[in-house]
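Residue-level structural notes
Next come the chains, spelled out residue by residue.
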Amino acid sequence: MNPDKKKKNPWKRAGRIVLKTILFVILFFVVIILAIQTPPAQNLLRKKAVAWLEKKLQTKVEIGKIYIGLPKNIILENVYIEDRQKDTLISGGNIKANLNLLRLLFKNEIDIKSISLENITAKVKRQLPDTTFNFQFVVDAFAARDTSSTAEADTSASFISIPSVTLNKIRLIYKDTVTGSDMEAWLDHLDTRIDSMDYMNLQFDIPKTNIKGLTARIYQYKPLAVLEPEIKDVIEARQPNPLKLAFEEANLEDIKIDFRNDVSATYTSINLGKLNVQSNSIDLNNRIIDLKNISLDNTTSVIRLGRKEQAKVVEKEIEQEAKSQVEAGWRIQVASVDLNNNTFQFDNDNHPRTGYGIDYSHMKADSFTLKTEDLVLSLDSIGGKIRNANFKEQSGFVLNELQTDFLYAYNQIYLKDLVLKTPGTELKRYAHLTYASFKDLSENFPRTQIDADISNSHVLVKDILAFAPQLRSQPAFANPNATWYINLQGSGTLESMHIDNLQFRGLKNTQIDGSGSLAASANPGRSGGTLAIRRLHTTQSDIAL
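Residues numbered from 1 in each chain as written. Predicted model: local features only at pLDDT ≥ 70, side-chain atom pairs only at ≥ 80, totals over all residues. Heavy atoms only, no water.

**Let's talk about the overall build of the protein chain**
Applied cut-off: Counting from the N terminus, the helices are the DSSP runs of H or I reaching at least four residues and the strands are the DSSP runs of E reaching at least two. Think of it in three bands: with a 1.4 Å probe and only protein chains considered, a residue is buried below 20% of the maximum accessible area for its type, exposed above 50%, and partly exposed in between. The criterion used for residue contact is that any of the two residues' heavy atoms lie within 4.5 Å.
Helix and strand counts for the protein chain stand at nine helices and 25 strands. When burial is assessed residue by residue, the protein chain has 33% of its 545 residues classed as buried. Contacts in the protein chain between residues at least 24 apart in sequence constitute 56% of all its contacts with a sequence separation of at least 6.

Quick look at the structure:
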């Protein structure tokens, strides 16, 4: 007998035992997995899950069917969860989740690949005297409790990513007596991807979102706004914003929103055809928004302020808040804006309607189209390139075409490569104004440097009166159907203007063709000019005008 062989036999025997044990464990798990897939086993799991949830939440829970497909899929059908007031919290439809169950069970890590909700109704309520929402008991039930005084706070659970989120046929009811809100929304479809969501630190990275078919009714029965001291709005506007939001693209289609506040007499309705927003970066903390594109098609929006004192408060608070936000130093830039066939309407019933011209308290623009490039809005300037714009205003004013490179800044205003057309007006070329500051522009306009080239243009008096109806009382504007023909090239200020070329034909029968210099002053002794008149024809009635 070989003694070396005797020594190896115990190890072989132990190896066979270990191998059989491992195979048995694997087989055991396979049997368990296969058993879980059977209807009886899953029905048992459903009952256990319902019993556990009812004990955990201390409320009624129903689950019509549960399916667990290890290692990833969980499907719940016909779910019903009741709140503590015996009303519906969540009901109906099915919930599908694709997550790594093994990692959740053995490592306590959440790894979700997708979530899908379909035919779900959710009710969110907050009713006095209770000051908490009806879902707070769910948050409290699953909130981690650490009684150790030395344990560090674990915030890892606040970070989550979900590559695919889909919502179909969702109904949300929201009633909050504390804020005076009564809302209801119906969502046909939403799909999105969440790369990261840290709700503890308000950090969200949601690259792309698509929403199609959303109807929302929003009623408020408390004052919409309270007029606060202006300094408070200024301070709040300058506070850092903790929200960090990153997204690449958002698509919204077929959206209907009805907002009403009878107390403040404020009403808004939006019927949105299609909206696409593409982003480069958003930095709310530094007040910088950089967008690639905004496109809006076939949308109707209506805003109305009723004839109530509270509506006047809303108007003043909005103006005050807007001013504070502008002065806080926002910078918004959009590479391209593409608006097509939209309707915008605004009515402020606290101001009477005017009988002529564009009424800035009662405006309605139909078929509004705007295409711009390199649009920039900042604290002290707004500029960009308008490639096309046209609309019809309810006053009768029609803009057929507008093209220009424009800038309105703290020290200059210009319109370059201008083409403006209405049915009776055509303006071309450019105008450039320079000044020391906005204050200087308003207080010392006669000293503003002007450089203009209005080439071979004509203006319908009716179009001038549309924007300045107060001029109707002036004799020169008595005939709204009159057309003034202008060809002007000049530079200087109103106090000292050099005119390279001036050709005018208008009023009743006046024609001017000349060039030269003009000086104007409050002192008549210092006013005068040198003009070369090539042609001058007028009438006594035009001189009287």
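**Quick look at unusual backbone geometry**
Residue Leu-128 is joined to Pro-129 through a cis peptide bond whose omega torsion reads 10 degrees. Of note, Pro-129 is situated in the loop between strand E4 (112-126) and helix H4 (136-142). One non-glycine residue with positive phi stands out, namely Ala-265, at about 50 degrees. With respect to the element layout, Ala-265 can be found in the loop between strand E10 (249-261) and strand E11 (266-283). Classification of Ala-265 as buried rests on a relative accessible area of 3%. Residue Asn-341 is not a glycine yet carries a positive backbone phi of 55 degrees. Among the structural elements, Asn-341 can be located in strand E14 (residues 331-348). Residue class for Asn-341 comes out partly exposed when judged on its relative accessible area of 41%.

**Brief notes about helix H2 (residues 39-57)**
An α-helical turn contains 3.6 residues, so any two residues separated by three or four positions project in the same direction. The line we're drawing: Multiply 1.5 Å by the residue count of a helix minus one, and that product is the helix's expected span. When we speak of the arc, we mean the arc of directions from the helix axis to the C-beta atoms.
For H2, which comprises 19 residues, the first-to-last C-alpha distance of 26 Å matches the rise-based estimate of 27 Å (1.5 Å per residue) to within 8%. For H2, the complete set of buried residues consists of Gln-42, Arg-46, Val-50, Leu-53 and Leu-57. All buried residues of H2 fall inside an arc of 85 degrees around its axis, so they share one side. Exposed side of H2, more than 90 degrees from the buried face: Pro-40, Lys-48 and Lys-55 are the residues found there. Immediately downstream of H2, the backbone of Gln-58 shows phi near 60 degrees, a positive value.

**Quick notes on a nonpolar patch on the surface**
Heads up, the condition is: Each patch is assembled from residues with relative accessible area greater than 30% and no salt bridge, linking like charges that lie within 9 Å and nonpolar side chains (Val, Leu, Ile, Met, Phe, Trp, Tyr) that lie within 5 Å. The accessible surface values rely on the Shrake-Rupley method and a 1.4 Å probe; as for residues, cover is taken only from the protein chains in view. Basic side-chain nitrogens of Lys or Arg form a salt bridge, by our definition, when they fall within 4 Å of a carboxyl oxygen of Asp or Glu.
A cluster of nonpolar side chains, Leu-518, Leu-531, Ile-533 and Leu-536, forms an exposed patch at the surface whose accessible area comes to about 380 Å². Here the nonpolar patch gets three residues from one element, more than from any other, and that element is strand E25 (residues 528-537). Take Leu-518: it is sitting in strand E24 (residues 510-519). Judged by its relative accessible area of 39%, Leu-518 falls in the partly exposed class.

**Digging into the pairing of strand E19 (residues 412-421)**
Side-chain positions along a regular strand alternate between the two faces of the sheet. Using the following cut-off: DSSP-based pairing: two strands are paired if at least 2 bridges between them are found.
One ladder, built from seven bridges, connects strand E18 (residues 401-409) with E19; its direction is antiparallel. Looking at E19, one finds that Leu-402 is bridged to Leu-420. Sheet analysis places E19 next to strand E20 (residues 426-434), joined by eight bridges and oriented antiparallel. Paired with Val-419 across the strands is Lys-428, a residue of E20. What sits between E19 and E20 in their antiparallel hairpin is a turn of four residues.

**Overview of the pairing of strand E6 (residues 181-198)**
One ladder, built from eleven bridges, connects E6 with strand E8 (residues 208-220); its direction is antiparallel. When the bridges of E8 are listed, Thr-192 appears paired with Thr-209. Two strands pair when backbone bridges link them, and E6 and strand E7 (residues 203-205) are joined in this way by three bridges, in the antiparallel orientation. Across the sheet, Ser-196 pairs through a bridge with Asp-205, a residue of E7.

**Focus on the environment of Lys-169**
With respect to the helices and strands, the residue Lys-169 is situated in strand E5 (residues 159-176). Overall, the relative accessible area of 47% leaves Lys-169 in the partly exposed class. Setting aside its immediate chain neighbours within four residues, Lys-169 contacts Glu-118, Asn-119, Ile-120, Leu-187 and Asp-188.

**As for the confidence of the model for the protein chain**
Worth spelling out the cut-off: Summary of the metric used: pLDDT quantifies the predictor's per-residue confidence within the range 0 to 100.
Looking at the protein chain as a whole, its pLDDT mean stands at 85, while 85% of the residues score no less than 70. Within the protein chain, strand E17 (residues 398-399) carries the highest mean pLDDT (97), whereas helix H3 (residues 101-107) carries the lowest (57). The low-confidence segment residues 146-157, where pLDDT is below 50, has two contacts with residues more than four positions distant or belonging to other chains.

**Here we look at the packing of aromatic side chains**
To be explicit about the condition: Each aromatic pair joins two rings of Phe, Tyr and Trp (for Trp, the six-membered one) with centres within 6.5 Å, and gets the label stacked for planes under 30 degrees apart, edge-to-face for over 60, and tilted for any other angle. The criterion is that NZ of a Lys, or CZ of an Arg, lies within 6 Å of the ring centre and within 35 degrees of the ring normal, and then a charge sits over that ring.
Tallying each qualifying case throughout the model produces nine aromatic pairs. Geometrically, the ring pair formed by Phe-344 and Phe-368 is edge-to-face, given 5.5 Å between the ring centres and 80 degrees between the ring planes. Highlighted residues: Phe-344 in strand E14 and Phe-368 in strand E15 (residues 362-378), separated in sequence by 24 residues. Over the ring of Tyr-414 we find Lys-416; its NZ or CZ atom is 4.3 Å from the centre of that ring.

**Overview of helix H6 (residues 309-327)**
The end-to-end C-alpha distance of H6 is 27 Å, a good match for the 27 Å that 19 residues give at a rise of 1.5 Å each. Regarding H6, the residues found buried are Gln-310, Ala-311, Val-313, Val-314, Glu-315, Glu-317, Gln-320 and Ser-324. Phi turns positive, to about 100 degrees, at Gly-329, one or two residues after H6.

**Details of the side chain of Asp-347**
Selection criterion: In the analysis that follows, any N or O atom pair within 3.5 Å is treated as a polar contact, provided that within protein one partner can donate a hydrogen and the other can accept it, and provided that, for residues neighboring in sequence, both atoms belong to side chains.
Relative to the helices and strands, Asp-347 resides in strand E14. Of note is the side chain of Asp-347, whose polar atom sits 2.9 Å from the side chain of His-362. The residues touching Asp-347, leaving out its near neighbours within four places in the chain, are Ile-303, Arg-304, Leu-305, Arg-353, Ser-361 and His-362.

**Here's the deal with the pattern of salt bridges**
Here the structure, examined in full by the defined rule, presents 23 salt bridges. Asp-349 is the partner of Arg-304 in a salt bridge, and the nearest nitrogen-oxygen pair spans 3.0 Å. Of this pair, Arg-304 sits in strand E13 (residues 300-305) while Asp-349 sits in the loop between E14 and E15, and the two are 45 residues apart along the sequence. Judged by its relative accessible area of 33%, Arg-304 falls in the partly exposed class. Note that Arg-429 is salt-bridged to Asp-453, the shortest N-O span being 3.1 Å. Here the residue Arg-429 occupies a position in strand E20, and Asp-453 occupies one in strand E21 (residues 449-460), the gap between them amounting to 24 residues. A network of salt bridges, in which partner residues are shared, links Arg-171, Asp-182, Glu-184 and Arg-217.

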